[in-house]
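The primary structure of each chain is shown beneath.
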Amino acid sequence: MGTVSRAAVAALALLALGAATARADELGRRRGVGMAMQDEYIRIRPGQDGMVGLGIALHLGRYWRALQWRGELAGAVASPGGPAQHAQLLRAGGAVRWAALATAIRSIRTLGMTANLDLGAGYLWYGDAMGPIRRPYVGVGLFGAMIMQDPRAAGPDPALSFALGTRLTLVEGGWTMTGGLEIEWGR
Amino acid sequence: MRLAIIAALGACVGSARADDGPASSIGGGLTIRGATIGSAASVGAGGFVDATVRRGDLALAGVASAQTARLAIGDATPPVDGLLLTAGAALRWTAGRFEPERYGDRRYGIDLRLDLGAELESYAWDGGGRLTRPGVFVGAATQFDFGRVSRRARGEVTIGLRLGLARPHTTAAVSRAACRGACTPTPAPVAYDAAWAIVLGGAWGR
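For clarity, every value in this text was computed on a predicted model and none was experimentally measured.

### Details of the nonpolar core
The biggest cluster of nonpolar side chains holds 66 residues, and the ones touching the most others in it are L71 and A178 of chain B. The contacts of L71 of chain B, once residues within four sequence positions are left out, are I37, A40, S42, P79, V80, G82, W125, A177 and A178 of chain B.

### Concerning unusual backbone geometry
Unlike most non-glycine residues, R65 of chain A shows phi in positive territory, near 50°. When you line up the elements, R65 of chain A lands in the loop between β2 (51–64) and β3 (67–78). We classify R65 of chain A as exposed; it has 12 C-beta atoms within 10 Å. Residue R180 of chain B is not a glycine yet carries a positive backbone phi of 55°. The exposure class of R180 of chain B is partly exposed, given the 15 C-beta atoms found within 10 Å.

### Focus: the interface of chain B and chain A
Accessible area lost when the parts come together is the quantity often used to give the size of an interface. Each partner contributes to the interface: chain B provides 26 residues, whereas chain A provides 25 residues. Secondary-structure elements contributing two or more residues to the side of chain B that touches chain A are β1 (24–37), β4 (80–103), β5 (106–125), β6 (130–148), β7 (154–166) and β8 (193–205) of chain B. Looking at which element gives the most residues to the side of chain B that touches chain A, the answer is β4 of chain B, with seven residues. A breakdown of the residues in the side of chain B that touches chain A according to their chemical character gives 15 nonpolar, seven polar and four charged.

### Comments concerning helix α2 (residues 171–179) of chain B
Burial in α2 of chain B covers these residues: V174, S175, A177, A178 and C179 of chain B. Once α2 of chain B ends, the next one or two residues include R180 of chain B, with phi positive near 55°.

### Notes on the pairing of β1 of chain B
Residues and elements named next belong to chain B. For β1 and strand β2 (residues 40–55), the ladder comprises 14 bridges, and the chain directions are antiparallel. By the bridge assignment for β2, A35 is matched with S42. Counting the residues between successive antiparallel strands, the hairpin from β1 to β2 contains two residues, one of them, G38, with a positive phi of roughly 60°. The pairing of β1 with β8 spans eleven bridges and is classified as antiparallel. Counterpart to G29 in the pairing with β8 is G201.

### Here we look at the pairing of β3 of chain A
Among the twelve residues of β3 of chain A, nine are classified as buried, and the element is accordingly described as predominantly covered. In textbook terms, the turn of a hairpin is the stretch between consecutive antiparallel strands, and for β2 of chain A and β3 of chain A this stretch comprises two residues, one of which, R65 of chain A, has a positive phi near 50°.

### Looking at the environment of D115 of chain B
All names here are of chain B. With respect to the helices and strands, D115 occurs in strand β5. Between the C-alpha atoms of D115 and A89, which are 26 residues apart in sequence, the distance is 9.9 Å. Every residue in contact with D115, bar those within four places of it in the chain, is listed here: A90, R92, V138, G139 and R162.

Cut-off values and rules
Residues numbered from 1 in each chain as written. Chains lettered and ligands numbered in written order. Predicted model: local features only at pLDDT ≥ 70, side-chain atom pairs only at ≥ 80, totals over all residues. Core = buried A, V, L, I, M, F, W, Y, C linked by C-beta atoms within 7 Å. Buried ≥ 20, exposed ≤ 12 C-beta atoms within 10 Å, placed from the backbone. Contact = placed C-beta atoms within 7 Å. Helix = DSSP H or I, 4+ residues; strand = E, 2+ residues; numbered from the N terminus. Nonpolar A, V, L, I, M, F, W, Y, C, P; charged D, E, K, R; others polar. Pairing = 2+ DSSP bridges.

The following block contains the structure:
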């Protein structure tokens, strides 16, 4: 088992423990569900040039104070133009996101801004005409988020957050870089 | 796989909530789409129309589209233009809902919509040749609900992304379309084809 694989297994165990014990963050959110539209730069197959892809990601999260534990599913397709290089990427895993810096402006509705650092791990499937690659991954990301919190909101999800940022994902022999906009509905 | 789909649908039904969105609506918009067709790649853009019936957080939609398509394989072969027609159905689940304002039956909302569907796609290439096949897709979208925009109608605007999978065409069929005969070198067979689409649209309903 390689270094990345051992790190991924250890991180997933910690993430599962955190998610099981998470309660609520300082804005009262207990859980959130969200989506992201993102670009993905993929350089996974040794000796192959990198390629830019378009992806989508879904997540489910639970909060405890300034931490969020989340399960994630992300897919991307890439097509740099040459034959036999059309590629598909799928990632399934978890991450813990820490709102390291936070500021809140309280009025009728609360508007908050946070700077987030996240660490993740999981399993990655990559496929192109040259065959599949399946490996564990670890990732590190940096995000800035704006949170709208309305305790009087009529709907069942009284918070909405927008996060913009980037994440580096490492696997044995390669890496990907992801950047995009994420929206989360929290309650 | 079937059990997983049935379980997902059961979870959606089990978590359904009362909803003030339109019970039925029609809509349309623009889409940009890319797809792999064997070792070739197709990109294009066009329009779509859809009709939706909603119950709680679940909706069933019929969707049809017409798009341009440009098929390219390698740098040595000139690309081929064509027309793509699609028709299909999707199950849509409102998984998240944020409502900053509500006055009576006037609702403003920003919703998360998740889609699961199947469609039939048919490419018709200039100079002859047709590639038709079924496929499945998943999607996620942010939906801006403007509530009642007139005495009779409700309105919403959606921006989203879809990812699709389909069984590949035969290498011979791809060569006929992309190279007007046989490609040199012969394209390698693939296990499946993938597609993506960006969707921007609006809908009006009651």
